[in-house]
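Structure at a glance
Chain by chain, the residues:
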Amino acid sequence: MDLIGNGLKEAFRLLLHNDGDVYEIALRSVYVSGVATALSLILGIGLGATLAFRQFRGRFVALTLVNTGMGLPPVVVGLVIAILLWRSGPFGGLGWIYTTRAMIIAQIVIATPVITGFTAAALASLQPRLRLQVYALGASRLQMLWILLQEVRLPLLAAIMAGFGAAISEVGASVMVGGNISGHTRVLTGAVLLEQSRGNFGAALALGIILLAMMIAVNALFTWVQLGVRRDRQRADRTADAGQALPLVQPWLQR
Amino acid sequence: MATALNQIRLSVRGLVVRRGGRTIVEVPALDVADGEVLAIIGPNGAGKSTLLLHLAMLERPTAGELRFDGEPVRGHALALRRRTAVVFQEPLLLDRTVLSNVETGMRLRGVGRGERRARAERWLTRFGVGALAERSSRTLSGGEAQRVSLARAFALEPELLLLDEPFSALDAPTRAALTEDFAAVLAESRRTVVLVTHDHDEAARLADRVAVMIDGRLRQIGAPATVFGAPGDAGVAAFVGVENVVPAVFVSRADGLFTVSAAGHLIETVTETHGEFRDALVCLRPEDISIAPAGHDWSDSARNRIPGTVRRIVPSGADARVEIDCGFTLTARITRRSVDDLGLAPGSAVVATFKATAVHLIRRS
């Protein structure tokens, strides 16, 4: 119990004095995972829409891969990306190994299948003919996708949360391709790992608490948006009820 | 009524749709004239909806060419789609307000904001749902939603309007009311329309021409009176409700009156079928047959009279369908009151009578 108490105390101390550059590390975490999630969103929506709408050879294989990818072991991802970006590897010339770029790539590989899976499931749950109807209204392919994404805005927000959660909480790949270099590629998860290995349980716990608090903040934001959508719907429904009652009232009001 | 002078709005040549090695639709030629209402009728699974999706340029055929206003569709589908509108069986509204639903298509077609609003309100009002404009589409009843779907299509002011069983998912009173409104709108706005339906009444009521589709092929195209009164083959006859299709052989022809023989009974007809033939099919609608008790005193000589025995009486609403064994089976549709008045029961000896003009002959080759 002492450990937890000390951890909390340590967390406050770290936050108060910005010891060990905790803000910088936290910001880097948000930056790396935020960029990775944004890029994964573009990729995931494209792939998800393809899986949901297109009939093609190998669709079964693709779906299986995406479903597997939703629980991809980060260590394997890290290993493969590290090999690819290694100085003597095929993309070694880029010089991206042990940079935040490499970490972003690793997190894209982890988050994209999650967002793809959510998007495909959400779009596939729409009536198949809705797509034809939207085309018939005069939509181009991109306009059709944009309109249908608005139809699935709630599950899509869930996809963003799941993708961001997978990216920011992952440690193996980021450390392997980023190198966990202080002031350069160290993110919260890597910092927790390091402090724990040094026996600094208090600092590790403090960083863990900060990570959790950040994830809660981000998810709270998206949940708030989700609820806002739902609230608007309910308001529209209530207006509907009021609208039905109106004809009874109006004639009296007009006199 | 479409005339030869009218411009062809949409033309189909050599259309073939194959799926999984099976030919679903095969239409060698079909023209839709400007301003006409063409109904495509046929049994379930005949390929009507598939044909409509191709006419709407929403799917690419296995083979064949589609031209819209003489322009080939291939490569220009998006631009040409923006001159048409489609109403499906389900309303297929977006999860937005009613007004936004009606405006979405116009926005995609670059209609200005003010014009959009004006058209949306005009057509919502025209279909009796103007008061629902601010409502969320999810709160509408089935009938209301389909009215919005129709308003959305008309607000696009399409040069070609395609409808796929637009009323069939609605309950009977709603369907009747909406068909009524739709007919009125069509009458005042003279649009080019292709309507897929399995409802004969709807087709007869709304269409200038009726095309009968069976097993992926258009078996007959013509005025409703022709298709329903003089079906071109036994399949069409069966579909359009000519339940009595009896094989017969040619006997004689004199003064425009054909005489054929079916199971030994002579049947006279004034059909327009010309030329030489030996084998024929006699087509008779059940409602054109009346029933008299055997031994009735006949003064009306213009009638065909065939004696037989009642085999079965099946109630059908206010009417009853009486199956009579005359060597072949004739089904007559008479009121249930008549059944009681005549004291009909299985085994009763009766005479089935029908006018020579009620008989339609199909040549059997």
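In this report, the structure presented in the accompanying data block is examined. (Residues numbered from 1 in each chain as written. Chains lettered and ligands numbered in written order. Predicted model: local features only at pLDDT ≥ 70, side-chain atom pairs only at ≥ 80, totals over all residues.)

**Overview of the overall build of chain A**
Within chain A one finds 11 helices and zero strands. Sequence-ordered secondary structure for chain A, helices as α and strands as β, is α-α-α-α-α-α-α-α-α-α-α. Its C-alpha atoms give chain A a radius of gyration of 23 Å, clearly above 18 Å, the size a compact globule of 255 residues would have. The dimensions of chain A, computed from C-alpha atoms along their principal axes, are 80 × 50 × 30 Å. In chain A, 75% of the contacts between residues at least 6 apart in sequence involve partners at least 24 apart. (Helix = DSSP H or I, 4+ residues; strand = E, 2+ residues; numbered from the N terminus. Rg over C-alpha atoms; globule rule 2.2 N^0.38 Å. Contact = placed C-beta atoms within 7 Å.)

**Things to note about the overall build of chain B**
Helix and strand counts for chain B stand at 10 helices and 20 strands. Summarising its shape, the C-alpha atoms of chain B cover approximately 75 × 45 × 40 Å along the three principal directions. Counting over 365 residues, chain B shows a buried share of 41%. (Buried ≥ 20, exposed ≤ 12 C-beta atoms within 10 Å, placed from the backbone.)

**Remarks on the interface of chain A and chain B**
On the chain B side, the residues contacting the 20 residues of chain A number 23 residues. Going through the elements one at a time, helix H6 (128-137), helix H7 (141-151) and helix H11 (201-254) of chain A are the ones with two or more residues in the side of chain A that touches chain B. Among the elements that make up the side of chain A that touches chain B, the one with the highest residue count is H6(A) (seven residues). Across the side of chain A that touches chain B, the residue classes break down as nine nonpolar, seven polar and four charged. (Nonpolar A, V, L, I, M, F, W, Y, C, P; charged D, E, K, R; others polar.)

**Details of the sheet that holds strand E6 (residues 84-87) of chain B**
All names here are of chain B. The strand order E6-E7-E8-E3-E9-E10 describes an open sheet built from six strands, whose pairing is mixed. A strand with exactly one partner marks an edge of an open sheet, and here the two such strands are E6 and strand E10 (217-222). The average angle at which neighbouring strand axes cross in this sheet is 15°, direction not considered. Across five bridges, the pairing between strand E3 (residues 37-41) and strand E8 (residues 192-197) is parallel. Within E8, the residue paired with Leu38 across the bridge is Val194. This element, helix H1 (residues 48-55), spans E3, strand E7 (160-164), E8 and strand E9 (209-214) of the sheet and lies at about 155° to E8. (Pairing = 2+ DSSP bridges. Axes fitted to C-alpha atoms, helices over the stretch in contact; angles between N-to-C directions.)

**Describing the sheet that holds strand E13 (residues 265-269) of chain B**
All names here are of chain B. In space, the five strands of this open sheet follow the order E13-E12-E11-E14-E20, with antiparallel pairing throughout. The open sheet has two edge strands, E13 and strand E20 (360-364), and neither has a second partner. Across the sheet, the mean angle separating the axes of adjacent strands is 40° when strand polarity is ignored. Where strand E11 (residues 244-254) meets strand E14 (residues 279-284), six bridges bridge the pair, whose relative direction is antiparallel. By the bridge assignment for E14, Ala248 is matched with Ala280.

**Let's talk about the nonpolar core**
If you look at the biggest cluster of nonpolar residues, it comprises 167 residues, and the most contacted ones within it are A:Ala106, B:Ala39, B:Ala151, B:Val212, B:Val282 and B:Ala352. For this core, the element with the highest residue contribution is helix H5 (residues 100-124) of chain A, accounting for 15 residues. If we skip the residues at most four places from it in the chain, B:Ala39 touches B:Leu195, B:Thr197, B:Ala203, B:Leu206, B:Ala207 and B:Val210. (Core = buried A, V, L, I, M, F, W, Y, C linked by C-beta atoms within 7 Å.)

**Re the pairing of strand E16 (residues 303-316) of chain B**
In summary, the side chains of a regular strand alternate between the two faces of the sheet. Residues and elements named next belong to chain B. Both E16 and strand E19 (residues 349-355) contribute to a ladder of seven bridges, which runs antiparallel. Directly across from Gly308, in E19, lies its bridge partner Val350. Sheet topology note: the E16/strand E17 (residues 319-325) ladder contains seven bridges and is antiparallel. Paired with Pro315 across the strands is Ala320, a residue of E17. Counting the residues that bridge the hairpin from E16 to E17 gives two residues, and of these Gly317 lies at a positive phi of roughly 65°.

**Remarks on unusual backbone geometry**
Residue and element names in this part refer to chain B. Look at Asp215: it is not a glycine, yet its phi comes out positive at around 50°. Examined against the element boundaries, Asp215 turns out to sit in the loop between E9 and E10. The exposure class of Asp215 is partly exposed, given the 15 C-beta atoms found within 10 Å. The backbone of Ala263 sits at a positive phi, close to 45°, despite the residue not being glycine. The class for Ala263 is exposed, based on 11 C-beta atoms found within 10 Å.

**Here's the deal with helix H10 (residues 188-197) of chain A**
Within H10(A), burial applies to A:Leu188, A:Thr189, A:Gly190, A:Ala191, A:Val192 and A:Glu195. Where H10(A) terminates, the next one or two residues include A:Gly199, which has phi positive at roughly 85°.

**Some remarks on the packing of helix H3 (residues 98-108) of chain B against helix H5 (residues 142-155) of chain B**
Residue and element names in this part refer to chain B. Two elements in contact, H3 and H5, have axes separated by 8 Å at closest approach and are oriented at 30°. Judged by the angle between their axes, H3 and H5 are roughly parallel. The handedness of the crossing between H3 and H5 comes out as right-handed. Residues Val98, Asn101, Val102, Gly105 and Met106 of H3 touch H5, and the partners they reach there are Val148, Ala151, Arg152 and Ala155. Each residue belonging to the contact of H3 with H5 can be placed in one class, and the counts come to six nonpolar, two polar and one charged. (Parallel < 35°, antiparallel > 145°, perpendicular 65-115°, else oblique. Left-handed = near helix turned anticlockwise from the far one by under 90°.)

**Concerning the environment of B:Leu161**
Residues and elements named next belong to chain B. Of note, Leu161 is situated in strand E7. Taking the number of C-beta atoms within 10 Å as the measure of exposure, Leu161 has 23 and is therefore buried. Here the alpha-carbon distance between Leu161 and Arg83, two residues 78 residues apart in the chain, equals 9.0 Å. For Leu161, the contacting residues outside a window of four places in its chain are Ala85, Ala153, Arg191, Thr192 and Val193.

Geometry only, nothing functional implied.
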